[in-house]
Structure formats: C-alpha cells, structure tokens
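# Examination of the molecular architecture
What follows is the residue order along each chain.
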Amino acid sequence: MFSDPGTFIVYDGDCPFCSEYVKLLRLRDAIGPVSLVNAREDHPAVHYAVSKGVDFDQEMALIMNGEIHSGADCMNRLALMSTGAGPFNAVMARVFASPRVSRALYPFLRTGRNLTLRLMGRRRIAEAAKPQ
C-alpha cells in the first residue's frame, strides 16, 4: 500500500517529450507541491503504480492521495488542474480538457514517444529494470 498523501507525476525520465512536458506544467501554481518521479527509478510511487497495473512503457501516471490516473486519463486530469498560464499550458489545457479528445490523441503521443525512444537507442522501462 502506498500511504503518501501527496501528488506524484510518474513519467519516463528518458523520454525527452515526457521530461519536457512535466517540466513545463505549472501544476505547483495550481495545486501546490507535486513530486516528479522518473519511472526508471526505484521509488515507492513507481512500485505502487506498477502493482495497480500501470505499464510505464505505455503510459504516465498521476497519483493523488493514493488514487491513480494513467494514460489519457492522466493527461486529461493534468490539463484540468493546470493554470493555463503561458502558451504551452494554455494549449495543453485546451486540447486535453476533453476526456474524449485525450483518449483519441493519447495513442498518437504514445506511438511518437515509443518511436523516438527506439531511434535514440533507449531501452524499454521493463527491460531496463532487468538485471544485466
């Protein structure tokens, strides 16, 4: 059980898109402290999300008070919580504010991420976790 009452965004730290996205979000302005957690690290939030079925090779996750939102639902929740300040946040908030649009676009984002990581020679998270 993950008992930390905080807010965590768990993402692939090796993915340049994921890393820039979480850096550009202005959630701290909207909801207070947010912990950014690289899914490739040994962290209780990572273990908790994986134990609940999150596949970090396919999705990122938002954990708030122990409740997990992943994939398109995560993007939608983040958009709804964003301040919308700045051009990036304004666009993301507008595009992903709709759950239907989030579900429609998320597969394209995931495909682009997976292709980029493959071209960069980065290993999948599940493979990187295995001992050599």
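## Topic: the pattern of salt bridges
Within the structure shown, the criterion is met by five salt bridges. Among the ionic pairs, Asp12 bridges to Arg40, the shortest N-O distance being 2.5 Å. Of this pair, Asp12 sits in the loop between strand 1 (7–11) and helix 1 (16–24) while Arg40 sits in the loop between strand 2 (35–38) and helix 3 (44–51), and the two are 28 residues apart along the sequence. With relative accessibility at 21%, the residue Arg40 sits in the partly exposed group. In this structure, Arg113 engages Asp12 in a salt bridge whose closest nitrogen and oxygen atoms are separated by 2.5 Å.

## Focus on helix 3
What helix 3 keeps buried is the set Ala45, Val46, Tyr48 and Ala49. Seen along its axis, helix 3 keeps its buried residues to an arc of 165 degrees; they face one direction. Residues of helix 3 that are buried sit in contact with strand 1, strand 2, strand 3 (61–64) and strand 4 (67–70).

## Quick look at the nonpolar core
Counting 21 residues, the largest nonpolar core has Ile9, Tyr21, Leu27, Met60, Met75 and Leu78 as its most contacted members. Contributions of two or more residues to this core are made by strand 1, helix 1, helix 4 (71–81), helix 5 (87–96) and helix 6 (99–119). Of all the elements, helix 4 adds the most residues to this core, at six residues. Ignoring anything within four residues of it in the chain, the contact list for Leu27 reads Ile9, Gly32, Val34, Leu78, Met81 and Ser82. One finds Ala39, Ala45, Ala49 and Phe56 within the second-largest nonpolar core, a separate group that totals 13 residues.

Each value, and the rule that gives it
- Position numbers for residues count from 1 along each chain, tracking the sequence in the order it is written.
- Predicted model: local features are reported for residues with pLDDT of at least 70 only, side-chain atom pairs are reported and counted for 80 or more only, and whole-chain, interface and lining totals are derived from all residues.
- Only hydrogens and water are set aside; all other atoms, that is, all heavy atoms of the structure, feed into the side-chain values.
- For this document, the term salt bridge refers to a Lys or Arg side-chain nitrogen within 4 Å of an Asp or Glu carboxyl oxygen.
- In this description a helix means any DSSP run of H or I spanning at least four residues, a strand means any run of E spanning at least two, and both kinds are numbered starting from the N terminus.
- Think of it in three bands: with a 1.4 Å probe and only protein chains considered, a residue is buried below 20% of the maximum accessible area for its type, exposed above 50%, and partly exposed in between.
- The arc in question is traced by the directions running from the helix axis to the C-beta atoms.
- Note on definitions: a residue-residue contact is assigned when non-hydrogen atoms from the two residues lie within 4.5 Å.
- Among the buried residues, those of types Ala, Val, Leu, Ile, Met, Phe, Trp, Tyr and Cys that are joined through side-chain atoms within 4.5 Å form a nonpolar core.

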